[in-house]
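# Report on the structure
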Amino acid sequence: MHRKTKETVLILKKVKNMKKIMILAAAMLLLSVTSARADHDRPIQFNQLPAAAQEFINTYFANEKVSFAKEERDFMEVRYEVMFTNSIKIEFYKDGKWKEIDCKYSVLPEGIVPEQIATYVNSNFPGVKIHAIDRDRRDIEVELTNGLELTFDLYYNLIDMDD
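Residues numbered from 1 in each chain as written. Predicted model: local features only at pLDDT ≥ 70, side-chain atom pairs only at ≥ 80, totals over all residues. Heavy atoms only, no water.

### Quick word on the environment of Asp102
Along the chain, the position of Asp102 falls in strand β5 (residues 98-102). Measuring from C-alpha to C-alpha, the distance between Asp102 and Ser87 comes to 8.3 Å, with 15 residues separating the pair along the chain. Beyond its immediate stretch of four places on either side in the chain, Asp102 contacts Ser87, Ile88, Lys89, His131 and Ala132. (Helix = DSSP H or I, 4+ residues; strand = E, 2+ residues; numbered from the N terminus. Contact = heavy atoms within 4.5 Å.)

### Concerning the pattern of salt bridges
It is possible for side chains of opposite charge to pair when their charged atoms get near one another. Following the criterion strictly, the structure yields eight salt bridges and no others. In this structure, Glu71 and Arg73 form a salt bridge, with 3.2 Å as the shortest nitrogen-oxygen distance. The exposure class of Glu71 is buried, given its relative accessible area of 5%. The partner of Arg138 in a salt bridge is Asp136, with the nearest N and O atoms 3.7 Å apart. Look at Arg138 and you get exposed, because its relative accessible area is 65%. Overlapping salt bridges, with partners in common, bring together Asp41, Lys70 and Glu72 in one network. (Salt bridge = Lys/Arg side-chain N within 4 Å of Asp/Glu carboxyl O. Buried < 20%, exposed > 50% of the residue type's maximum accessible area, 1.4 Å probe, protein only.)

### Quick word on the packing of aromatic side chains
Counted by the stated rule, this structure contains five aromatic pairs. Considering the side-chain rings of Phe56 and Phe61, the 6.2 Å spacing of their centres and the 45 degrees angle between planes classify their relative orientation as tilted. Each residue in the set Phe56, Tyr60, Phe61, Phe84 and Phe92 is aromatic and connected to the rest through ring pairs, giving one cluster. (Phe/Tyr/Trp six-rings, centres within 6.5 Å; stacked < 30°, edge-to-face > 60°.)

### Some points on helix α2 (residues 51-60)
One turn of the α-helix equals 3.6 residues, which is why residues spaced by three or four share an orientation. Every buried residue of α2 is listed here: Ala53, Gln54, Phe56 and Ile57. For α2, the arc enclosing every buried residue in end-on projection is 160 degrees, short of the 170-degree limit, so these residues lie on one face. In this structure, α2 carries Ala51, Glu55 and Thr59 as exposed residues pointing more than 90 degrees from its buried face. Against β3 (77-84), β4 (89-93) and β5 lie the buried residues of α2. (Arc of directions from axis to C-beta.)

### A closer look at the side chain of Lys99
Note that Lys99 resides in strand β5. Residue Lys99 is classed as buried on the basis of its relative accessible area, which comes to 9%.

This is the structure:
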């Protein structure tokens, strides 16, 4: 009788482990399905951009024609992207602050680049201009017309240079 009880306990443990595995597999499947659906881009009109993004574009790119704008939704984040007919691309955070600006065939308008970075570039690379800028929570990266990429920390100290 004692032996049957041990066998029953072992069988119950195996069933319990199988239930855990099935629950884990179901959770992973559900997570993969929701992750696949989290990437959602949709075209929007200019007036559907956050007010700060509209104001930024009207201030610095008033003479440019918008080719398209879209809202990008990734799992927990919303961003906006605006592409102009001359290939300038601007990416905005959900609050309308710019994240990235790429003027492929031109240079960034004055007033966008933080003064400390503009001064550094003008002093160390005379005649060279900035055509792209990307900022995030850790640093600010600028691309120069001579092909160099400079990375600054949030206190505007140069921390990396790449060609």
